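Residue-level structural notes
As a plain string of letters, each chain reads:
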Amino acid sequence: MPSHLSSLTLALLVALTCNAAAQSARERPLVIAHRGASQYLPEHTMEAYRLAIRQGADFIEPDLLLTADGIAVARHDRALGATTNIASHPTLPSNIDQITFRQLQGLQAISRGGAAYAPPGAGPAGLRVPSFAEVLDELRTLHASTGRIVGVYPEVKTIGQGLNSYNRALADAMLAELAHPRHGRLFDGRRGNVILQSFDGEVVAYLSRQSSLPVVQLSPQCPTRADIPAIAARADGVGTQAAQADADCLQRLRAAGLFVHVYTLSNANPDLHATMFRNGVNGVFTNAPDTAIAQREQALPGARPREWVAPARRRRD
Ligand code: G3P
Ligand code: CA
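This text gives an overview of the structure that appears in the document. This one's a predicted model, so the numbers in the text were calculated from it and none came from an experiment.

**A closer look at the overall build of the protein chain**
- Of regular secondary structure, the protein chain possesses ten helices and eleven strands.
- Computed over the C-alpha atoms, the radius of gyration of the protein chain is 21 Å, within 12% of the 20 Å expected from 2.2 N^0.38 for a compact globule of 317 residues.
- Considering only C-alpha atoms, the protein chain reaches an extent of 90 × 45 × 40 Å along its principal axes.
- Taking all 317 residues of the protein chain together, the buried fraction comes to 48%.
- Restricting the contact set of the protein chain to residue pairs at least 6 apart, pairs at least 24 apart contribute 62%.
- With an accessible surface of roughly 13,800 Å², the protein chain has 54% of that area assigned to carbon and sulfur atoms.

Pasting the structure below:
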């Protein structure tokens, strides 16, 4: 030891260096449970969301649609055939916007199958299509009973284009539920545990105007340089297909201050999780949260756990 350094000074220097290293470590990219842990259980059921939570997902992702009587429910497809047993109920309408919430509760939720989703027949009997209210109740109860925060990343699934009456009513129902007094202020944005999303630019702009929560513009193709200023004016981040998220794409979105989440990963191509994490995406939508978490640890050992604080939101004039 140099004579001019006391052991106390040396210890202080080591501590400061370690602290600086810890502070500069990258925050873990998000593991977003796409339709819940839909690799293993029927998508958009409470059981699939609960499994994702048990596996350690940072966020769960409900796609939302409105029933005929105006209840926001977690479902991806307007047509009920692929993910419910509507075929066994020939007298009922087969589209979600034509069926009442009560009628919907009489249907069994099932998996669409395929390599990226749970096999047909997976899960117990009696799985239902949950309302968005039930999903938020689950997260609030989890937080109240354990202190754990799991984020929610709801998507306005549009019928038709733009801010038509259906899409606006759905966006309003989603925002009203997030702000419902029984949730306290859990979903008000202070903790960074809510991200809104839509493929429709008019809906994204509407959500931005109506709410202070962060909003993601979904875009199957990585937005071009020409498209980015308009997107950056209405959104905080972009969700794009994993195959689109090359270095150029990430660079130009980041340069505009946008974060980047990619969809949709699964056990059909498990190593893609690690590839995306190494490439520097800010989060992945995955059907297999357990695979994503294992690959995140492998790809980014020592990355900092998420801090549940409100992100700086883009200024929108
Ligand atoms: O919302 C991100 C990702 O889920 C988009 O694809 O069709 O599964 O909603 P989709
Ligand atoms: Ca979605």
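This is not the end of the story, as more comes after the structure.
**Some details on the site of ligand 1**
- Neighbouring ligand 1 are the residues His-34, Arg-35, Glu-61, Asp-63, His-76, Glu-155, Lys-157, Gln-197, Phe-199, Leu-218, Tyr-263 and Phe-285.
- Residue Arg-35 places a side-chain N or O atom 2.7 Å away from an oxygen atom belonging to ligand 1.
- Between ligand 1 and the protein, one listed contact pairs an oxygen atom with a side-chain N or O atom of His-76 at 2.7 Å.
- Compared with its free state, where it exposes 280 Å², ligand 1 has 91% of that area covered by protein.
- Of the residues contributing to the shell around ligand 1, the split by class is four nonpolar, three polar and five charged.

**Some words on the coordination of the calcium ion (ligand 2)**
- At this site the calcium ion (ligand 2) is bound by Glu-61 (OE), Asp-63 (OD) and Glu-155 (OE), with donor distances of 2.1 to 2.3 Å.
- The buried category is assigned to Glu-61, whose relative accessible area is 2%.
- Looking at Glu-155, the relative accessible area reads 3%, which means it is buried.

**Comments concerning the pairing of strand S3 (residues 63–66)**
- Neither face of S3 is left uncovered, since the one carrying Asp-63 and Leu-65 and the one carrying Leu-64 and Leu-66 both have all their residues buried.
- Two strands pair when backbone bridges link them, and S3 and strand S6 (residues 155–156) are joined in this way by two bridges, in the parallel orientation. Paired with Leu-64 across the bridge in S6 is Val-156.
- Taken together, the three bridges between S3 and strand S4 (residues 72–74) define a ladder with antiparallel strand orientation. The residue of S4 that forms the bridge with Leu-65 is Val-73.
- Where S3 hands over to S4, the hairpin turn is made up of five residues, of which Gly-70 adopts a positive phi near 80°.

**Re helix H5 (residues 165–178)**
- Between its first and last C-alpha, H5 extends 20 Å over 14 residues, near the 20 Å set by a 1.5 Å rise per residue.
- Those residues of H5 that sit buried are Tyr-166, Asn-167, Leu-170, Ala-171, Met-174, Leu-175, Glu-177 and Leu-178. Taken around the axis of H5, the buried residues stretch over an arc of 165°, which confines them to a single face.
- The opening residue of H5 is Asn-164, an N-cap whose side-chain oxygen sits 3.2 Å from the backbone nitrogen of Tyr-166.

**Describing the environment of Gly-192**
- Inspection of the secondary structure puts Gly-192 in the loop between H5 and strand S7 (196–198).
- On the basis of relative accessible area, Gly-192 is assigned to the buried category, the value being 4%.
- As for Gly-192 and Pro-311, which are separated by 119 residues in sequence, their C-alpha atoms are 5.9 Å apart.
- If we ignore the near neighbours within four places in the chain, the residues touching Gly-192 are Phe-59, Arg-306, Trp-308, Val-309, Ala-310 and Pro-311.

**Topic: empty space enclosed by the protein**
- By the definition in use, this model includes one cavity of 30 Å³ or more.
- Considered as a void within the structure, the largest cavity measures approximately 30 Å³ in volume.
- Lining the largest cavity, in full, are Leu-139, Leu-142, His-143, Arg-148, Ile-149, Val-150, Leu-186 and Asn-193.
- A breakdown of the residues in the lining of the largest cavity according to their chemical character gives five nonpolar, two polar and one charged.

**Describing unusual backbone geometry**
- The linkage connecting Tyr-263 with the following residue, Thr-264, adopts the cis geometry, with an omega of -20°.
- Mapping Thr-264 onto the fold places it in strand S10 (residues 259–265).
- Although it is not a glycine, Arg-35 sits at a positive phi angle of roughly 60°.
- For Arg-35, the location among the structural elements is in the loop between strand S1 (30–34) and helix H2 (46–55).
- For His-44, which is not a glycine, the phi torsion comes out positive at approximately 55°.

**Some remarks on the pattern of salt bridges**
- According to the stated counting rule, one finds 17 salt bridges in the structure shown.
- A salt bridge links Glu-27 to Arg-304; the nearest nitrogen and oxygen atoms lie 4.0 Å apart. Placement of Glu-27 in the loop between helix H1 (7–24) and S1 and of Arg-304 in the segment after helix H10 (289–299) is noted, with a sequence separation of 277 residues between them.
- Judged by its relative accessible area of 24%, Arg-304 falls in the partly exposed class.
- For Asp-188, the salt bridge goes to Arg-190, with nearest N and O atoms at 2.9 Å.
- A relative accessible area of 26% places Asp-188 in the partly exposed class.
- Classification of Arg-190 as partly exposed rests on a relative accessible area of 42%.

The rules behind each value
The written sequence of each chain sets the order in which its residues are numbered from 1. Chain letters and ligand numbers both follow the written order, the letters beginning at A and the numbers at 1. Where local features are concerned, this predicted model is filtered to residues with pLDDT of at least 70; where side-chain atom pairs are given and counted, the filter is 80 or more; whole-chain, interface and lining totals use all residues. The side-chain quantities take in all heavy atoms of the structure and omit both hydrogens and water. Secondary structure elements are taken from DSSP: a helix is a run of H or I of four residues or more, a strand is a run of E of two residues or more, and numbering for both begins at the N terminus. Here the globule rule is a power law, 2.2 Å times the number of residues to the power 0.38, and the radius of gyration is based on C-alpha atoms. Think of it in three bands: with a 1.4 Å probe and only protein chains considered, a residue is buried below 20% of the maximum accessible area for its type, exposed above 50%, and partly exposed in between. Here, two residues are considered to be in contact whenever any of their heavy atoms come within 4.5 Å of each other. With residues, only the protein chains shown are counted as cover, and all accessible areas are computed by Shrake-Rupley using a 1.4 Å probe. By convention in these notes, a residue is near a molecule or strand provided one of its non-hydrogen atoms lies within 4 Å of it. The term polar contact refers here to a pair of N or O atoms within 3.5 Å; inside protein, the definition further demands a hydrogen-donor-capable atom paired with an acceptor-capable atom, and it admits residues adjacent in sequence only when both atoms are side-chain atoms. Think of it as three bins: nonpolar holds Ala, Val, Leu, Ile, Met, Phe, Trp, Tyr, Cys and Pro, charged holds Asp, Glu, Lys and Arg, and polar takes everything else, Gly as well. Think of the donor list as every N, O and S atom within 2.8 Å of the metal, or within 3.2 Å for Na, K and Ca; water never makes the list, so a site can look incomplete. Paired strands, in this sense, are two strands between which DSSP finds at least two bridges. For a helix, the expected span equals 1.5 Å multiplied by the number of residues minus one. Arc definition: it is the arc formed by the directions from the helix axis to the C-beta atoms. Here a cavity means grid points, on a 1 Å grid over the protein atoms only, where a 1.4 Å probe fits yet cannot get out; a pocket means an open set of points with protein on both sides within 12 Å along at least five of seven lines; lining residues are those with an atom within 4 Å of a point. Grid points are joined across faces, edges and corners, and a volume is the space filled by probe spheres set on the points. Put simply, a salt bridge is a Lys or Arg side-chain nitrogen that is within 4 Å of an Asp or Glu carboxyl oxygen.

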